[in-house]
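Descriptive structure summary
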Amino acid sequence: MELKGKICKRISLLIRSRAVGRMEQMRLMAFLLGAALGLFGMPFHFLFNWLGHGMPVLHAISFAIWLSYVVIVGLFFSRRLNLEKSFFSLAVCFQTLTSLRIVYLAATATSAVVPLHHEQVILNEALSFTCFLITCMGMVRNAPTAVFALLVGAQVVGYVKNPAVVMSQFVLLFLFVMFCVWGYAMTMRILFNDATREINDYKQLQNSILDMFNMSKTEMVSLVQLCRTTGNANEVDRKIIGKLTEQTLHNLVRLGQYLSNEKQEKLEDLSDRLPQLTPTELEVCRLVLKGMSQKEIAVATNKSLSNIGTVRGNIRRKLGLGANEELRDGLVRRLN
């Protein structure tokens, strides 16, 4: 378990160091998967002949695929080739050489070896399908289209050379599934690009706002949480307060003093003009004049809806408002 944890940690560090953003990290993981399959899988053919047919030409093509993987992966890790170009090159090189192998099998098939060559064509199409899926996972621009086109081209040339080797219901199924996956991959890439663009726009707006107020993201979130906190003043979360800088706290104090003085002045003015109302009723009047609903007043004063409804009823009774008269309209008329 400890060894597994260390390996996962190293892979995670590699991904974070070589890719920025979720899209790039996902692409890098798909690239590493494809590279591992080619680097460690191809020797099973041209060295050990455990998979595929033992023809020298096919061995040479497998070695050429493996060598291209070594070169491309080496260029990527030496930072001479970026991730998208490395991924595209890997996919196109693999499919070009695999398509060449399909054409060679079709061109060299005699009546005696048609079943064997047909089996090898299906094996290479399975490898092509694997390459295609990994390319779609990486959402590399134009790469799935190139891989699909190369395979279809090889199928057409092979069919012209020897239909019995290339064409079968299994091959048609491969091509149909690849076409459907290709359409899905293209659609997902468009949607993912749109989502990425929206996220980048949001991040730019967020950073602009943070720069405008000279705040960190943590401080801004804490300030919003503090402003949205309901309940009594002594219930304010001290952890939230601790995340604010001294400058922000100083500005909040000044703002609180200003709002408190403004509120007191308005209440005193209402008290002079409506002396029959209690302090609680005056506070509700002040908020009603601001255009707040009964629910908003209940949240602002930390009281229940029924309590605010009772206070509003008392105000209407003391001011002698009619049943069809709005409370705010009645207050405005009496104050003017």
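These numbers come from a predicted model, not from an experiment. (Residues numbered from 1 in each chain as written. Predicted model: local features only at pLDDT ≥ 70, side-chain atom pairs only at ≥ 80, totals over all residues. Heavy atoms only, no water.)

Topic: the packing of helix α14 (residues 294-301) against helix α15 (residues 305-319)
Where α14 contacts α15, the axes come no closer than 9 Å and their chain directions differ by 110°. On the basis of the axis angle, α14 is roughly perpendicular to α15. Helix-helix and strand crossings are classified by hand; for α14 and α15 the assignment is right-handed. Contacts between α14 and α15 involve Gln294, Lys295, Ile297, Ala298 and Thr301 from the first element and Leu305, Ile308, Gly309 and Arg312 from the second. When grouped by side-chain class, the residues that make up the contact of α14 with α15 number four nonpolar, three polar and two charged. (Axes fitted to C-alpha atoms, helices over the stretch in contact; angles between N-to-C directions. Helix = DSSP H or I, 4+ residues; strand = E, 2+ residues; numbered from the N terminus. Parallel < 35°, antiparallel > 145°, perpendicular 65-115°, else oblique. Left-handed = near helix turned anticlockwise from the far one by under 90°. Contact = heavy atoms within 4.5 Å. Nonpolar A, V, L, I, M, F, W, Y, C, P; charged D, E, K, R; others polar.)

Some details on the nonpolar core
Counting 44 residues, the largest nonpolar core has Leu28, Phe31 and Ile65 as its most contacted members. Here the element with the most residues in this core is helix α5 (residues 83-107); it accounts for eight residues. With sequence-adjacent residues up to four places away left out, Phe31 is seen in contact with Val73, Phe76, Leu83, Ser86, Phe87 and Leu90. Of all hydrophobic cores here, the second largest spans 19 residues; its members include Leu267, Leu277, Leu282 and Leu287. (Core = buried A, V, L, I, M, F, W, Y, C linked by side-chain atoms within 4.5 Å. Buried < 20%, exposed > 50% of the residue type's maximum accessible area, 1.4 Å probe, protein only.)

Section: the packing of aromatic side chains
The tally for this structure, following the rule as stated, stands at 11 aromatic pairs. An aromatic cluster is defined as three or more aromatic residues linked by ring pairs; in this entry it consists of Phe31, Phe76, Phe77 and Phe87. (Phe/Tyr/Trp six-rings, centres within 6.5 Å; stacked < 30°, edge-to-face > 60°.)

Details of the pattern of salt bridges
One pass over the structure, following the stated rule, counts nine salt bridges. Residue Lys263 is joined to Glu283 by a salt bridge in which the shortest nitrogen-to-oxygen separation is 3.7 Å. One end of the pair, Lys263, is in helix α12 (residues 246-273); the other, Glu283, is in helix α13 (residues 279-289), with 20 residues separating them in the sequence. Residue classification places Lys263 among the partly exposed residues on the basis of a relative accessible area of 35%. (Salt bridge = Lys/Arg side-chain N within 4 Å of Asp/Glu carboxyl O.)

So, the packing of α13 against α15
Each packed pair of helices is defined by two parameters, the angle between the axes and the distance between the axes. It is at 10 Å that the axes of α13 and α15 come closest, and there the two elements cross at 95°. With respect to α15, the axis of α13 lies roughly perpendicular. Here Thr280, Glu281, Val284, Cys285 and Val288 of α13 lie close against α15, whose contacting residues are Ile308, Val311, Arg312, Asn314, Ile315 and Lys318. Here the residues of the contact of α13 with α15 sort into six nonpolar, two polar and three charged.

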